[in-house]
Amino acid sequence: MTCHVVSLPSRSPEDTLRIGYVLGSVLEKPPLLISLIGELGVGKTVFVKGFACALGLSMDSITSPTFVIANEYELTTSLRLIHADLYRIESRTELENAGFLDWIGPGAITLVEWGDRVADALPEDHLKVVFSRGEDENERGIRVSATGSLSSLLIEKSRSELTIQV
């Protein structure tokens, strides 16, 4: 059986952008939820910018949704990207009141910063991306893991490009 985990080094914000871009470029069909986990300032929003760029959005249009909880971007008439920041969410009820059930519906590609805060509410099949700090200021470790068959397929499609480019 193939292992559905990829551990990647990121030596700069540009590497983190590229990792997000590669994963976004192999996405074929939503819905998909990606849970982004890591402390403040490790590159979660930078990753989202790269992912969004692969879907045709401008990196400059992607902003951190820390204070608004979620930003929604229309990709086509039937596809949308939701970028959520759950740092201030403390319960499943708060999450649902913020619109979570709409974020994971048909045609939705949802990237959730601080997804570990509501892990029990996430769909069973999602991608988990864990960021950790490296030895120097810009260095990061990025571990991408699948929790089901669709997220596993995304890792398999991107594996060769990720290991070659980073």
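Residues numbered from 1 in each chain as written. Predicted model: local features only at pLDDT ≥ 70, side-chain atom pairs only at ≥ 80, totals over all residues. Heavy atoms only, no water.

## So, the packing of helix H1 (residues 13-26) against helix H2 (residues 44-54)
The contact between H1 and H2 brings their axes to 6 Å, and the two run at 40 degrees. Comparing their axes, H2 and H1 come out oblique. Crossing of H1 over H2 shows right-handed handedness. For the pair H1 and H2, the contacting residues are Pro-13, Thr-16, Leu-17, Ile-19, Gly-20, Tyr-21, Leu-23, Gly-24 and Ser-25 in the first and Val-46, Phe-47, Lys-49, Gly-50, Phe-51, Cys-53 and Ala-54 in the second. Its residues assigned to classes, the contact of H1 with H2 comprises 10 nonpolar, five polar and one charged. (Axes fitted to C-alpha atoms, helices over the stretch in contact; angles between N-to-C directions. Helix = DSSP H or I, 4+ residues; strand = E, 2+ residues; numbered from the N terminus. Parallel < 35°, antiparallel > 145°, perpendicular 65-115°, else oblique. Left-handed = near helix turned anticlockwise from the far one by under 90°. Contact = heavy atoms within 4.5 Å. Nonpolar A, V, L, I, M, F, W, Y, C, P; charged D, E, K, R; others polar.)

## Considering the side chain of Ser-152
Structurally, Ser-152 can be placed in helix H5 (residues 149-165). With a relative accessible area of 11%, Ser-152 lands in the buried category. (Buried < 20%, exposed > 50% of the residue type's maximum accessible area, 1.4 Å probe, protein only.)

## A few points about unusual backbone geometry
Backbone phi values are negative for most residues with the exception of glycine, while trans is the configuration of most peptide bonds. For Ile-69, which is not a glycine, the phi torsion comes out positive at approximately 75 degrees. With respect to the element layout, Ile-69 can be found in the loop between H2 and strand E3 (70-74). Since its relative accessible area comes to 15%, Ile-69 is described here as buried. Even without being a glycine, Trp-114 presents a positive backbone phi close to 65 degrees. With respect to the helices and strands, the residue Trp-114 is situated in the loop between strand E5 (108-113) and strand E6 (127-133). Residue classification places Trp-114 among the buried residues on the basis of a relative accessible area of 12%.

## Focus on the pairing of strand E7 (residues 140-146)
Where strand E1 (residues 5-10) and E7 come together, six bridges link them in antiparallel fashion. Considered in E7, the bridge of Val-5 is made with Ser-145. Strand direction decides the pairing type here: E6 and E7, joined by seven bridges, are antiparallel. From the neighbouring strand, Phe-131 faces E7, where its bridge partner is Ile-142. Linkage of E6 to E7, two consecutive antiparallel strands, is achieved through a turn of six residues. (Pairing = 2+ DSSP bridges.)

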